[in-house]
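# Observations on chain architecture
Chain by chain, the residues run as shown.
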Amino acid sequence: MKPFMNADFLLQTETARALYRRVAAEAPIIDYHCHVSPKEIYEDKHFEDLFDIWLSGDHYKWRIMRSNGVDERYITGDAPRREKFQKFAEALPKAIGNPMYHWCHLELKNYFGYEGILNGDTAEAVWQLAAEVLARPDMGARGIIEKSNVRFVGTTDDPLDSLEWHRKLMADDTFSATVAPTFRPDKALNMDKPGFADYIRALGELTGIDIRTVQDVKTALSLRMDHFTACGCKASDHGLDYMVYSPLPESEVDAILARALAGETVSLAEAEAYKTALLIFCGEEYARRGWVMQLHYNCLRNPNSRMLAALGPDTGFDCIGPAPSRDALAGLLNALYRTDSLPKTIIYSLDAGDNSFIDTLIGAFQGTEAAGKLQHGSAWWFNDNKTGMQEQLTSLANLSLLGNFVGMLTDSRSFLSYTRHEYFRRILCNLIGGWVENGEYPADMETLSTIVRDICCDNAIRYFGLE
């Protein structure tokens, strides 16, 4: 029996262990998509306790607690911090087979030196140890990033954002990592969601444009893209409930926009036509600017209306969406490709059943601008577990070129989540090591080392133009 999470954790063969220790463990992290705060990085925020850095905004942990019948008072309510942590510690042992169990213990080990098991009985000792470690000067946001060997952080930012903290970070030569904004224009596209008209008015006020037509929206967004470019932006990101491709003549879309801005209700089909026009425009602009376009889709948002009303969105009540998106995604890529304006694109579906579809679709639209111009993004959200990662990597290997994959990201609001890269790298090395020891690939350590390092960091460095 192997000890719990020892040095060989998830590494089942000699080749896997050699690849991880010699290459993957030492490779820098390129965290090209996350949700950490640039303000907290610039100010080197320090954290008071494990609630502050672990539980305060982590809906993964909240779901664990809710699934254990914990009252919401101990999750997002007014219970004392220490009691909230106790409830989480009591629930965690039941998370056998859940990546949260591994992530938590990797974080406790890597950042706090804790080699034991977190449960209800050990919660107090862990709480006290973490408080002592977090009080150290080098355990602020910057120190954690540097300890984690992170070279690049791509945050997620709204077009209306001033990006003042990114500008300050750009001018700060005392910090080793590069922090860049990512253009996230969802609110400008989501005509079917509350607040759309107010958002478009705010966009117009910021850019000095009296927005009345779709072209006005495009002009305003282009100005904001200029602002993002000046602050080092390398990529965009679209969080889509499902993919849309329903083109209409721009005059008809103008009429739809006018009604929406006047506060009238538009149909779902009309909102999809507007969103299609903006997605095509954005793709064209990204291609012109050399940005990477990221498409995240197939999420069913807020199915629990009662908890949405009580807590708002992004509080841990979303799930995998069943909406059909395949024809629409293919249609969007084709519309951009046929005008030679398809940017480098990373596609993520929350439905793991889309793996084979994505891996074959990207092969229909590759280009010479980059090796692996179109990418199947890493196993996302509910799929970033051992099984999900193995399935994504295996499908990509079967149907495309795994050696060109741009690798893992955290997609997290926590500065401790860089251990997810370690988790991914161990799984990657174990998968490749198994193929080698099974005689399915030559035991050429030089070539294997190049492949592993490329997937861990070098492919992303080249893909996002970070060299």
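Just above, that's the structure.
Here goes a summary of the coordinates provided. (Residues numbered from 1 in each chain as written. Predicted model: local features only at pLDDT ≥ 70, side-chain atom pairs only at ≥ 80, totals over all residues. Heavy atoms only, no water.)

## A word on the side chain of Asn 298
What counts, and what does not: Elements are defined by DSSP. Helices are runs of H or I of four residues or more, strands are runs of E of two residues or more, and each kind is numbered from the N terminus. In this scheme, a residue with accessible area under 20% of its type's maximum is buried, one over 50% is exposed, and one in between is partly exposed, where area comes from a 1.4 Å probe on protein chains only. Identification of polar contacts relies on pairs of N or O atoms within 3.5 Å, with a donor-acceptor requirement for protein atoms, meaning one able to donate a hydrogen and the other able to accept it, and with residues adjacent in sequence counted only if both atoms are side-chain atoms. Residues count as neighbours in contact if any of their non-hydrogen atoms are within 4.5 Å of one another.
Examined against the element boundaries, Asn 298 turns out to sit in the loop between β6 (292-297) and β7 (299-300). A relative accessible area of 2% places Asn 298 in the buried class. Separated by 3.5 Å, the side chains of Asn 298 and Ser 349 make a polar contact. Apart from the residues lying within four places of it in its own chain, the contact partners of Asn 298 are Leu 240, Asp 241, Tyr 242, Ile 320, Gly 321, Ala 323, Ser 325, Ser 349, Leu 350, Asp 351 and Asp 354.

## Re helix α4 (residues 59-67)
Each α-helix turn comprises 3.6 residues. Residues three or four places apart therefore point the same way. Buried residues dominate α4, accounting for seven of its nine residues. Among the structural elements, α3 (50-55), α5 (81-91), α6 (99-112), α15 (305-311) and α19 (419-437) are those in contact with the buried residues of α4. With a side-chain oxygen lying 3.0 Å from the backbone nitrogen of Tyr 60, the N-terminal cap of α4 falls on Asp 58. Positive phi appears at Gly 69, one or two residues downstream of α4, with a value of about 75°.

## Digging into the nonpolar core
Applied cut-off: Note on terminology: a nonpolar core comprises buried Ala, Val, Leu, Ile, Met, Phe, Trp, Tyr and Cys residues joined through side-chain atoms within 4.5 Å.
Counting residues in hydrophobic clusters, the biggest one holds 159 residues, and the most contacted among them are Leu 50, Trp 54, Phe 88, Phe 112 and Tyr 274. Element by element, the count of residues in this core is highest for helix α14 (residues 268-289), at 10 residues. Beyond its immediate chain neighbours, meaning those up to four positions away, Leu 50 contacts Leu 55, Phe 85, Leu 108, Phe 112, Val 126, Trp 127, Ala 130 and Leu 134.

## Observations regarding the pairing of β6
Here is the rule we go by: We call two strands paired when DSSP finds no fewer than two bridges between them.
The buried fraction of β6 amounts to six of the six residues, a majority that puts the element mostly inside the structure. With burial as the criterion, each face of β6 is covered, one bearing Val 292, Gln 294 and His 296 and the other bearing Met 293, Leu 295 and Tyr 297. Here β6 pairs with strand β9 (residues 344-349) via six bridges, running parallel. Considered in β9, the bridge of Met 293 is made with Thr 345.

## Points about the packing of aromatic side chains
How two aromatic rings sit relative to each other is set out by the distance from centre to centre and by the angle between their planes. Keep this limit in mind: Aromatic rings from Phe, Tyr and Trp, with only the six-membered ring used for Trp, were paired whenever their centres fell within 6.5 Å, and each pair was classed as stacked if the ring planes differed by under 30 degrees, edge-to-face if by over 60, and tilted otherwise. Geometrically, a lysine NZ or arginine CZ counts as sitting over a ring once it is within 6 Å of the ring centre and also within 35 degrees of the ring normal.
On inspection of all chains with the given rule, the structure shows 18 aromatic pairs. Judged by centre distance (5.7 Å) and plane angle (55°), the rings of Trp 380 and Trp 381 are tilted. Comparing Trp 380 with Trp 381, the two get one shared label, buried. Cluster of aromatic residues (ring-pair linked, three or more members): Trp 54, Phe 85, Phe 88 and Trp 127. Lying over the aromatic face of Phe 175, Arg 142 brings its terminal NZ or CZ to 5.1 Å of the ring centre. The cationic tip of Arg 420 hangs over the ring face of Trp 103; the distance from NZ or CZ to the ring centre is 4.1 Å.

## Re the packing of α6 against α19
For clarity, the threshold we go by: In this analysis an axis means a line fitted to C-alpha atoms, helices contributing only their contacting stretch, and an angle means the value between N-to-C directions, from 0 to 180 degrees. Crossings are sorted by hand: turned counterclockwise from the far helix by less than a right angle, the near helix makes the crossing left-handed, and turned clockwise it makes it right-handed. Residue polarity follows a fixed list, in which Ala, Val, Leu, Ile, Met, Phe, Trp, Tyr, Cys and Pro are nonpolar, Asp, Glu, Lys and Arg are charged, and the others, Gly among them, are polar.
The interhelical angle for the contact between α6 and α19, taken along N-to-C directions, is 115°, at an axis separation of 9 Å. You can see that α6 and α19 cross each other, and the crossing is right-handed. Residues Pro 99, His 102, Trp 103, Leu 106, Glu 107, Asn 110 and Tyr 111 of α6 form the contact with α19, whose own contacting residues are Thr 419, Arg 420, Glu 422 and Tyr 423. Of the residues contributing to the contact of α6 with α19, the split by class is five nonpolar, three polar and three charged.

Honestly, that's just the spatial picture; any functional story needs more than this.
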